[in-house]
Amino acid sequence: MSALSLLRDNRGAMKTQDDGIHATNQDFIRYDQVEKRQTYHLAESESEDQFDDEFVIRTCDMRSPAFAHELGEALREIGFAILSNTGIDAALYDEAETKIAEMFTRLPMEEKLRYRAQRHGSVNQGYFPIKETSNMHPDLVEGWVFCRRAFEGGDFWPHNDDREFFREIVAAHEALILPVMQSLLQYLGCDPHLYDARLTGTNFGLRLNYYPPLSAEDDASGAARLLGHEDVDLFTFLPAPSTEGLQILNRKNMKWIRVAAPRGTIILNTGDYMQRISNDVFPSTTHRVSKPRDGSQRGSARVSFPMAVYVWEDEVLEVLPCVGPPKYPPVKAIEFHTSITSKFYGDDYAVKEGS
Ligand SMILES: [Fe+2]
């Protein structure tokens, strides 16, 4: 058992990752920095989970004059929206899926482990072996995270061609950051440009996920492809994956919504930074990646590449001036971010103010 798979629970007892298959989010709630009343199991359960087949995630047309209103309504209701008419060519996303599958399958493990994830500022950047995305639960995924620093030098990429290709993806999504943030601020009744300076050249985490074909053993283990969680960021751009799996928790009825979005669209969700500054107007909604329902698809790999949008570590996350009396005090972004993510990476991941 690797060191990563050991953790201490709230009472100080040693637990293993396998306990994560039976754990709920409330076992780790002390790490959270925004209100999360919902209780759910980290892993999926074929016998216990209930599904909401009625709820439709709204599609918001970025070229519509009503975009700000529609996006605000969608996110306030469920924390997720589908962006259409983004101006990004769907073929770029197809190419990204192919490149990611190649990157994870062609590189020998020894080479991948040279890039093992380490904390850079707030972001745990680099390669995550299968079952080591977090120390809470043995996720059936390999991941590779790149923040802005990885595009500015240093030895973060096994191949420079990959860096240059993903630079294009990042640039395409960066062009959407201000339009989305301005729309949300407008919806809330704030100055739409309040975050323009902070989000120009801001930090992000591009995460490449490779979910290998499920072995019979992994399929039987009870582990999810990716545990139920909330994103820590302002918001996340997830180009619609071609393989089934994303599910989001509807807090109103505690049922899971299976999300399917058309090729070329982007699934957008709000995270903890946004819930905090919006004074809980925009929720940081729980989501996970489950195994495909169709057993024959379990023998195929799944690829996804969400991009999380952050503010830089020195910024202060403060409740916006237009959303009523603040429920939360101001907090430095690095402290906020790393205290939450220490639930995934261990207590010593947290950076305290002044240290
Ligand atoms: Fe996520």
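This is a predicted model, so every value here is computed, not measured.

Chemist: Residue-level account of the overall build of the protein chain, with values.
Modeler: Each helix and strand in the protein chain was counted, giving 8 helices and 18 strands. By principal-axis analysis of the C-alpha atoms, the protein chain measures approximately 50 × 50 × 45 Å. Counting the 355 residues in the protein chain, one finds 58% classified as buried. Per element, the accessible surface of the protein chain, about 14,800 Å² overall, is 48% carbon and sulfur. Counting 38 positive and 54 negative side-chain charges, the protein chain places the averaged centre of each group 2 Å from the other.

Chemist: Explain the coordination of the iron ion to me, using residue names and the numbers behind them.
Modeler: Coordination sphere of the iron ion, protein contribution only: His-229 (NE2), Asp-231 (OD) and His-287 (NE2), at 2.1 to 2.2 Å. Here the donor residues of the iron ion are spaced in sequence according to H-x1-D-x55-H. With relative accessibility at 13%, the residue Asp-231 sits in the buried group.

Chemist: Describe the packing of aromatic side chains, with residues and values.
Modeler: Within the structure shown, the criterion is met by 20 aromatic pairs. Pairing Trp-144 with Phe-146 gives two aromatic rings, centres 6.1 Å apart and planes at 15°, and the pair type is stacked. Assigned by exposure class, Trp-144 and Phe-146 land together as buried. Here the aromatic rings of Tyr-273 and Tyr-310 are separated by 5.9 Å at their centres, their planes lie at 45°, and the arrangement is tilted. Here Tyr-273, found in helix H7 (residues 272-277), pairs with Tyr-310, found in the loop between strand E16 (307-309) and strand E17 (316-317); they are 37 residues apart in sequence, far enough to count as distant. Side by side, Tyr-273 and Tyr-310 carry an identical accessibility label, which is buried.

Chemist: Can you lay out the sheet that holds strand E11 (residues 246-250) for me, pointing to particular residues and giving the numbers?
Modeler: What the 4 strands build is an open sheet, ordered E9-E14-E11-E12; its pairing is antiparallel. The sheet is open, and its two borders are formed by strand E9 (226-229) and strand E12 (255-258), each paired with just one other strand. For this sheet, the mean inter-axis angle between neighbouring strands, taken without regard to orientation, is 25°.

Chemist: I'd like a description of unusual backbone geometry, backed by residues and values.
Modeler: In the Ramachandran plot, Lys-131 falls in the positive-phi region, its phi being about 70° despite a non-glycine side chain. Among the secondary structure elements, Lys-131 is positioned in the loop between strand E6 (123-128) and strand E7 (142-147). Take Lys-131: its relative accessible area is 32%, and that puts it in the partly exposed class. Positive phi values are uncommon outside glycine, yet Met-254 reaches one of about 60°. Mapped onto the elements of the fold, Met-254 is located in the loop between E11 and E12.

What counts and how
Here the residue numbering is sequential within each chain, running from 1 through the sequence in written order. Only residues with pLDDT of at least 70 get local features here, since the model is predicted, and only at 80 or more are side-chain atom pairs given and counted; chain-wide, interface and lining totals rely on the full set of residues. With hydrogens and water set aside, each side-chain value is computed from the structure's full complement of heavy atoms. Think of it this way: any DSSP run of H or I at least four residues long counts as a helix, any run of E at least two long counts as a strand, and we number them from the N terminus. Under the scheme applied here, a residue whose accessible area is under 20% of the maximum for its type counts as buried, over 50% as exposed, and between as partly exposed, the area being computed with a 1.4 Å probe on protein chains only. In this description, accessible areas are obtained by the Shrake-Rupley approach with a 1.4 Å probe, and a residue is regarded as covered only by the protein chains that are shown. Within this scheme the basic residues Lys and Arg register as positive and the acidic residues Asp and Glu register as negative, but His and the chain ends are omitted. Charged groups are reduced to one reference atom each: NZ for lysine, CZ for arginine, CG for aspartic acid, CD for glutamic acid. Metal-coordinating donors are taken as N, O and S atoms lying within 2.8 Å of the metal, or within 3.2 Å when the metal is Na, K or Ca; because water is left out, some sites can appear incomplete. To pair, rings of Phe, Tyr and Trp, with the six-membered ring standing in for Trp, must have centres within 6.5 Å; the planes then decide the type, stacked if under 30 degrees apart, edge-to-face if over 60, and tilted in the middle. Strands pair, by our definition, only if DSSP identifies at least two bridges between them. The axes used here are C-alpha line fits, helices contributing only the stretch in contact, and every angle between their N-to-C directions lies in the interval 0 to 180 degrees.

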